[in-house]
Every structure is written in structure tokens, then in C-alpha cells.
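Read off the chains here:
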Amino acid sequence: MGTKRKKYQRGAAVAFMSRTKALRKLQLSLPDFRMLCIFKGIYPVEPPHRKKVNKGGHEVKTYYNLKDIQFLSHDNLIHKFRENKVYVRRLKKARAKGYTEDETIIRENKPVYVLTPVIRERYPSFIDALRDLDDTLNLCFVFATFPSSEQTHQKLIQLCQKRTVEFQHYIMATKALRKVFVSIKGIYYQADVKGETITWVTSHKRGYDHPRRVDFKVMKTFAEYYSILLGHINIKLFSDAGYVYPPQLAEEPVKTDSDMFSEDDRVTGYLATLALPIKRSGQVAEVEDEMEEDDPEVEEMNAVSADDPDSIEKSKLEAQSVKKLQSLFKGMKFFLNREVPLEDLTFVIRCCGGQVSWDSTVGAGSTYQESDQSITHHIIDRPSITDQKITRTYLQPQWVFDCVNARAILPAKDYFPGVPPPPHLSPFVEEKEGDYVPDDKVKFLKRSKGELVEGDDEEEEGGDDDDSDDDDEVREGEEGSSSDEEDAEDKNEDEEVSDNEDEEAEEGDDDDDVPQPPSKKRRKTEEEKKEDGNTEKKIPYMAVKAGTVKKVNKQKLMDDEAREEKKLAEMMIPKKHRRLYNKIMYSRKKLSQEARKLQEKKDKLTKEKKSKKKSKKVDE
């Protein structure tokens, strides 16, 4: 007989390890083990058969993959953590016995670990690091707003502030911002960095209340790792784009008598305002040429898109839209009032090519004052204004964010101070076929595609209206002149006909004593001449008319082609999959019916409002 196999000796029972066993194997404390797992990217897992892994027990445990624990056992950070234990023990002993000289020597020889090899190990390529940048930015921006306390050290907060400011300067210099959305949680940003879409959130400026349920020891470990990772990414981004790292101001700020800080602190403060441009390196052109020539991903994308004309057309339209967004505020000078968020508006406006400033009493970084006559837009968040200037437009802060999302300059009349602005819609929400789309969202989508909406022709400065009026006058003048020429020709013909009639009357035709209208006589004479065959053929008036350019909506053509391709694909669905497809379409039809009901309710309410307004006017 064969040997009997023991239970729980193979398969899932030995593929996982509990956290207590892992601590014994690595000989680490729980805080050090957590720190090591965060640095190395090892996280707990849920085994598929918990009863087998627990060997028939019902205790709740935290499990890790056995291979991950074996991988951690050979890491150099474990030796640094053990050295840190010895350091803490020696420092406590020197303090207790009052050995001050020994204490200073021990502090100077404190063991320090380096995370650069860990980052290289976790991210073999730079694109891998960019794909993991969302969480990095979120946590660094959160820690940059914290006050210094026992839970959050000042050095870590300053490091996070420095890294986030560097990243924002890169986004402004390359104009990589694509979407903005202001919510209750914070302001969501989306940027395109080297072909990767990166989204992050920044919190609003408000009072800080320390949360009690958050384990700041774990959060500090994440913040320490992410701040170092963001620093390495910033170095690569700045060098590829041709900018000096660490960032330096392109122009030296004017030093006033009130400046009591050092030169480095003063430059750091001006960089944090985001209002001044940064310095570029001398080899920018060479770097850009090398990037264009040696970029294998761009060549691969071009090779793939060469076979698909639709993708080429879509990429062209997207490139045109992005180019328009990058120069959306070009030539505009903004002045921010003291009650609006300075850093957020400065970041968004400068990403689109505009110039920003504020009052010098609010903070550093002011480049021009409120009395400057070249200011075109004044951002204010107050219901009324005392001293208005005719040369500038006063707007609410929402206008800036909505213009970026629509990628067009929106009409200013909806965003005047004291006027309730339109709803701030999220650009991250994409409606599917059959979903209910509000009217404001429809206008937003039309503006983003470059189509005109009712009311958009009335621009804030009135320049377009004047041009359109002039064009109408010119057209009316042309039509009037052409009609005058036709009337003159008709008059000449009528005079000729009347002269012929007078001659016939003088010859003695007594039958035509009753006068007839000239038009009828003219028709009779033409018919008689046609019957006799003596009429001469009229030569049409020859002229060269100016051609008109027919505008083709490429987006509409692409949508029509996609609709036709969808119909053809529906025809080619095999029989075994047709039932599933019909179920999906049935659920979509239900959604479209609900959307139709909502639209009908809305139309009914609008009609009732209009009827009430009419009845009020009649009563008045």
C-alpha cells in the first residue's frame, strides 16, 4: 500500500503565510514590517480557500503570498531597520546615563536608508512610474496643506510642498493641462504627460481639523516614499523638456526693502506663487530633436494609425483641440481679487497661455497692479463692484474653469458678478447612448466640438456683433444694388414697349381704343413675335461669381461613419450571441425611455412657467 498523504501539505495551504509567521521569519517588528511592505509594494491578499489556508480553523488572519515574504527576506532595508533598532537602544542608554558627548556622536552616526534602488526595482521604465503617479500626487498635495504637528513633521511637509510646486511648474511650462473640475472634495485636474493621462486632486484652502481615525504612521511612510518618487520623476520630466532642475526663475524678482529672508527662501517663495516663468536650459532644441527622432512609441503609434484613416482623422481633430486649449488665454491679462483662490486660478490660466497678477499686499509674485490699463479680465467673487473700468471685463472664477473644459471662450454675460452662473458640469462624465443629457450639458458638448450655440455670437467686447452688422449691411447693400439694376432694366424694356405701342396707335388701329396694361401688351407682342419666328433669342447675362467655401464638419462625418459601421456590425452578430445583444439593447431602450420621460417633464415645466409669465404680463 502507498503512503498516506497528510492533510494541508500542498496547494493553497502552503502558498500563503500569515502576518505573525512573516514577522517571525523576518525578525522585524510590526511597524518596520509595514514600512518595508509599503516601500517594496507588497500588500495583503485574500486566499481563494481561506479554510484550507487556515488548516480548518476559523480565526481571522491577514495573509501574504509566500513568494512575497521570501522576496522580502533578501532585501537590504531589513539590515537598515535592524541598525536603526541598535541606534535607538544606544541613544536611550546615553540619555539615561547623561553621556552628552556619546549622545552627539550617536546622533551624527544615525543609519540612513536610501530608496533610489527600490524605485528602480519597482519601476523598470519611466512610463511605469508615470502610470503610478495619480496616488503619488494625491497624497503629496494633501501633505503639502498640513500644519506641522506631532503626527506630521515639518521637513516632510516642506518636501511635499517643494515636489508639488515643481510638478505644477512643469505642467504650466509644457501646457499639459486638459480638464478641471471644482467639487466639494477639492479641485480635480487632468493632464497629459508623455502620452499618459494623469488625474489628481488638490484640497480647498480651509481650516484644518486633525482626524483621529487616521493612522498617520502609515500615511507618513507612504508620503515619504511618494515624495522621493515624485522628485525622481520631476528630474526626468524637466531634463526631457529642456528646463533647469531644480527650477529657477527666468527673471530675477525685484527685491524690496521689506524682504528679510535669504536668497534661497525668497526664490522658493516666488516659485510657490506659480506666477513667474522658469528658466530653460541652452540645449532645448537639441533635446526636442532627439526626443522626436528616438521615441519608439511615437513611431509605433504612427505605424498603427497609418492603416486606419479614422484614427488619423480623430488624432488630427484632437491635436487641433489641444492646440486651441494651449493658447486659449493667449494675449489676455488677468487680475485676481483677494477673495478668489490665487494658486488654483494662476495654475489654470498660465497653463492656457494667459498672464496673471494680484495686489502686492496679498502676497509675493505680483507682476502688475490693479491700475494697469492693459488688464483685460478681472476675476472677482463679490456681488457688486464699486469702481468699474470700461477697459476690462469683470467675471466670476467659474468662467475660467468652464472655458478650459469647453476649450473655447464662453460668453461673459452668464458670469458677470452678482449673476447666478450656469451649473459647473464635470468634464469627466461621459453620457452613453440613451442617457438623459441636460440642456446645459448639450451646450457644453457643442462648444467643445466647436459648434455655435444660441447666444454665443454676442461676445463680451461686442466686436463680433459689429462685424456681423457690417456684413449684413454690406449684403443688404449688394442685394439692393442688384435689385436696382434689375428695376432699371425692366423700366427700359417697359419704355421700349410703350414706344412701340404708341407707334401702332398712331397708324390707326381703332380696335385698341381701350388702354391695356403694359405687361399684358408686352406678353402679346412676344407671343406674336414667337409665332412669326422673327424674334431674336435673348442672350443670358454672363458673369463670374465668387465661390463660397463649403465648411465640412469632420466630427459629424466621423459620427455618421461610426453609426453605419455599428449597423453593419449588428448584422454580422452570430445567432448564439444575438440573444445577449438583444438583452443589452433592451436595457438601453429602458434607459432611453426614462430619459424621454425626464425630458417630457422638463418641457411641461417650461411651458407652465411661460404661461404663468404671460398671464402675469396680461394682468399687469
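Our structure is the block above this text.
Residues numbered from 1 in each chain as written. Predicted model: local features only at pLDDT ≥ 70, side-chain atom pairs only at ≥ 80, totals over all residues. Heavy atoms only, no water.

(A) Representation of the layout of surface pockets in the model. Here the second largest pocket is characterised by a volume of approximately 1300 Å³. The wall of the second largest pocket is formed by 30 residues, among which Met35, Asn84, Lys110, Tyr113 and Glu224 lie closest to the centre. Every element with two or more residues in the lining of the second largest pocket is listed here: helix H3 (30-40), helix H6 (77-97), helix H11 (154-174) and helix H12 (216-241). (1 Å grid on protein atoms, 1.4 Å probe; cavity = no way out; pocket = protein on both sides within 12 Å on 5 of 7 lines; lining within 4 Å. Points joined across faces, edges and corners; volume = space filled by probe spheres on them. Helix = DSSP H or I, 4+ residues; strand = E, 2+ residues; numbered from the N terminus.)

(B) Focus on the sheet that holds strand E8 (residues 377-379). Reading across the sheet, the four strands line up as E7-E6-E8-E9 and stay open at both edges, with parallel pairing between neighbours. Among the strands making up the open sheet, the edge pair consists of strand E7 (355-358) and strand E9 (393-395). Shown here is a sheet whose adjacent strand axes are inclined to one another by a mean of 25°, direction ignored. Relative to E7, helix H17 (residues 342-351) is tilted by about 160°, and along the sheet it contacts strand E6 (333-336), E7 and E8. (Pairing = 2+ DSSP bridges. Axes fitted to C-alpha atoms, helices over the stretch in contact; angles between N-to-C directions. Contact = heavy atoms within 4.5 Å.)

(C) Broad picture of H3. All of the buried residues in H3 are Asp32, Phe33, Leu36, Cys37, Ile38, Phe39 and Lys40. Where the residues of H3 are buried, they touch helix H2 (19-26), strand E2 (63-65), helix H5 (66-72), H6, helix H8 (116-122) and H12. Taken from the residues just after H3, glycine 41 is the one with a positive phi, measuring 75°. (Buried < 20%, exposed > 50% of the residue type's maximum accessible area, 1.4 Å probe, protein only.)

(D) Local environment of the nonpolar core. In this structure, Ile171, Trp200, Phe329 and Phe347 are the most contacted members of the largest nonpolar core, which totals 97 residues. Tallying contributions element by element places H12 first for this core, with 11 residues. Leaving out residues up to four positions away in the same chain, phenylalanine 329 has contacts with Phe334, Ile349, Cys352, Gly353, Gly354, Trp399, Val400, Cys403, Val404 and Ile409. (Core = buried A, V, L, I, M, F, W, Y, C linked by side-chain atoms within 4.5 Å.)

(E) How the structure looks around the sheet that holds strand E3 (residues 177-182). The three strands are arranged E3-E4-E5 in an open sheet whose pairing can be described as antiparallel. Taken across any chain shown, the strands that pair with only one partner, and hence form the sheet edges, are E3 and strand E5 (196-202). Taking each pair of neighbouring strands and ignoring which way they run, the sheet shows an average axis angle of 15°. Bridging between E3 and strand E4 (residues 187-193) involves five bridges; their strand directions are antiparallel. Bridge pairing links leucine 177 to alanine 191 in E4.

(F) Molecular detail of the pairing of E5. Here E5 shows a clear split, with Glu196, Ile198, Trp200 and Thr202 buried on one side and none of Thr197, Thr199 and Val201 buried on the other. Taken together, the seven bridges between E4 and E5 define a ladder with antiparallel strand orientation. Looking at the pairing, alanine 191 lines up with isoleucine 198 of E5. The antiparallel pairing of E4 with E5 creates a hairpin that spans two residues between the two strands, and lysine 194 there sits at a positive phi of about 55°.

(G) Fine view of the side chain of aspartate 240. Looking at where aspartate 240 falls in the secondary structure, it is placed in helix H12. A distance of 3.4 Å separates the side chain of aspartate 240 from the side chain of lysine 194, its partner in a polar contact. (Polar contact = N/O pair within 3.5 Å; in protein donor to acceptor, adjacent residues only side chain to side chain.)

(H) Structural context of a positive patch on the surface. A cluster of basic side chains, namely Lys607, Lys609, Lys610, Lys612, Lys613, Lys614, Lys616 and Lys617, defines a positive patch on the protein surface. Inspection of the secondary structure puts lysine 616 in helix H23 (residues 575-619). (Patch = residues over 30% accessible without salt bridge, like charges linked within 9 Å, V, L, I, M, F, W, Y side chains within 5 Å. Areas by Shrake-Rupley, 256 points an atom, 1.4 Å probe, with all protein chains shown as cover. Salt bridge = Lys/Arg side-chain N within 4 Å of Asp/Glu carboxyl O. Lys, Arg positive; Asp, Glu negative; His and termini not counted. Charge placed at Lys NZ, Arg CZ, Asp CG, Glu CD.)

(I) A nonpolar patch on the surface, seen in detail. Nonpolar side chains collect at one region of the surface, where Leu568, Met571 and Met572 lie side by side and expose about 400 Å² of accessible area between them. Locating methionine 571 in the fold gives a position in helix H22 (residues 554-571).

(J) The packing of H3 against H6, seen in detail. Interhelical geometry of H3 versus H6 gives an angle of 150° and a closest axis separation of 11 Å. Considering the angle they form, H3 stands roughly antiparallel to H6. Between H3 and H6 lies a crossing of right-handed hand. Across the interface between the two elements, Asp32, Met35, Leu36 and Phe39 from H3 touch Leu77, Ile78, Phe81 and Lys85 from H6. Of the residues that constitute the contact of H3 with H6, the class distribution is six nonpolar, no polar and two charged. (Parallel < 35°, antiparallel > 145°, perpendicular 65-115°, else oblique. Left-handed = near helix turned anticlockwise from the far one by under 90°. Nonpolar A, V, L, I, M, F, W, Y, C, P; charged D, E, K, R; others polar.)

(K) Here's a closer look at the environment of arginine 596. Mapped onto the elements, arginine 596 comes out in helix H23. Taking the C-alpha atoms as reference points, arginine 596 and tyrosine 436, 160 residues apart in sequence, are found 7.3 Å from one another.

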